[in-house]
Amino acid sequence: MRRLLSFLLKWSGILCVPGGVLWALTPTGIYISNLAFHTPNVFWKLFWPAPLLILLGLVGLQLRQSGRSGLLEKLGFFVAILGLVMVIAGDVGLYWLGVDDIFIVTAPAYNAFRLGLLVVAVGSILFGVTSPRDSAVPTWGLLPFVVGSLCGLISFSRDLGSFGAVLWILFGVGWAWLGLSLVVEGFSSFVRTRRATRGSVAVKQ
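Quick caveat, the model's predicted, so the values are computed rather than measured.

Participant: Hey, could you run me through the packing of aromatic side chains in this one?
Facilitator: Given two aromatic rings, their pairing is described by the distance between the two centres and the angle made by the two planes. Enumeration over the complete set of coordinates arrives at 17 aromatic pairs. Ring centres 5.2 Å apart and planes at 65 degrees place the aromatic pair Phe-43 and Trp-44 in the edge-to-face group. Residue Phe-43 is classed as buried on the basis of its relative accessible area of 13%. For Trp-44, a relative accessible area of 12% gives the class buried. An aromatic cluster is defined as three or more aromatic residues linked by ring pairs; in this entry it consists of Trp-23, Phe-43, Trp-44, Phe-47, Tyr-95, Phe-113, Phe-156, Trp-168 and Phe-171. Looking at Lys-45, its charged tip hangs above the ring of Trp-96, at a distance of 5.4 Å from the centre.

Below, the structure written as structure tokens:
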């Protein structure tokens, strides 16, 4: 049971793929929500699974790098986790619990959501930049991720209209790319191991 749980946790990094895709679909979701219900709130009610999947995927990635991650990478990990929790809490508090309807002046849910976006972008950049060279995630997966995180930071900092929406999409794509690189690297490692095993058996025979 412990081995199964460990396996699931380590490979939960793959959840960055659906999480990133859902995040990247935000502008499309808002458009459909406006078109069908004349309000974006219907979409935002359904947004929270995106940051939740990314959070679980990030935990899986960090577990795979256990023992190899440095202080700065761990800091980036915890900052990103904090930001994702704030985004989820803000989204649920604003669109499900109606917290800001009670605290209209301070608007804690909205502020948590907006601040969380900035925090997760900063944490993502720090996590990607400081990941070790022998990381469980290949370099070709980390570089686009860092670029996407930077795009997210710009998008979350201020309202840039359509350009900001493109940057928002790239942030989600960066997370999906990171998870996809883990899948490709894991499959390649599996194929190399199988070939090495077959070669060893053939030599013994």
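Participant: Mind showing me how you'd approach the side chain of Ser-124 here?
Facilitator: Summarising the element assignment, Ser-124 is placed in helix α8 (residues 108-130). When neighbours within four sequence positions are excluded, Ser-124 is seen to be in contact with Ala-80, Phe-145, Ser-149, Phe-171 and Trp-175.

Participant: What am I meant to see in the nonpolar core here?
Facilitator: With 31 residues, the main nonpolar core has Trp-23, Phe-47, Leu-58 and Trp-175 as its most contacted residues. The set of elements that each furnish at least two residues to this core consists of α2 (16-24), α4 (41-45), α5 (49-64), α6 (71-95), α8, α9 (139-157) and α10 (161-204). Sort the elements by how many residues they give to this core and α6 lands first, with six residues. Leave out the neighbours within four places in its chain, and Phe-47 touches Trp-23, Thr-26, Val-87, Asp-91, Phe-113 and Trp-168.

Parameters at a glance
Throughout this description, residue numbers start from 1 for each chain and increase along the sequence as written. The model is predicted, so local features are restricted to residues of pLDDT at least 70 and side-chain atom pairs to those at 80 or more, both for listing and for counting; the totals for chains, interfaces and linings are taken over all residues. No hydrogens and no water enter the side-chain calculation; it runs on all heavy atoms of the structure. Pairing of aromatic rings covers Phe, Tyr and Trp, the last through its six-membered ring, and needs centres within 6.5 Å; plane angles under 30 degrees mean stacked, over 60 mean edge-to-face, and all others mean tilted. Only protein chains enter the accessibility calculation, which uses a 1.4 Å probe; a residue whose area is less than 20% of its type maximum is buried, one above 50% is exposed, and one in between is partly exposed. Lysine and arginine charges are scored as sitting over a ring when NZ or CZ, respectively, is within 6 Å of the ring centre and within 35 degrees of the ring normal. Every helix listed is a DSSP run of H or I at least four residues long, and every strand listed is a run of E at least two residues long, numbered separately from the N terminus. Any pair of residues with heavy atoms lying within 4.5 Å of one another is described as a contacting pair. Nonpolar cores were defined as sets of buried Ala, Val, Leu, Ile, Met, Phe, Trp, Tyr and Cys residues, with membership established by side-chain atoms within 4.5 Å.

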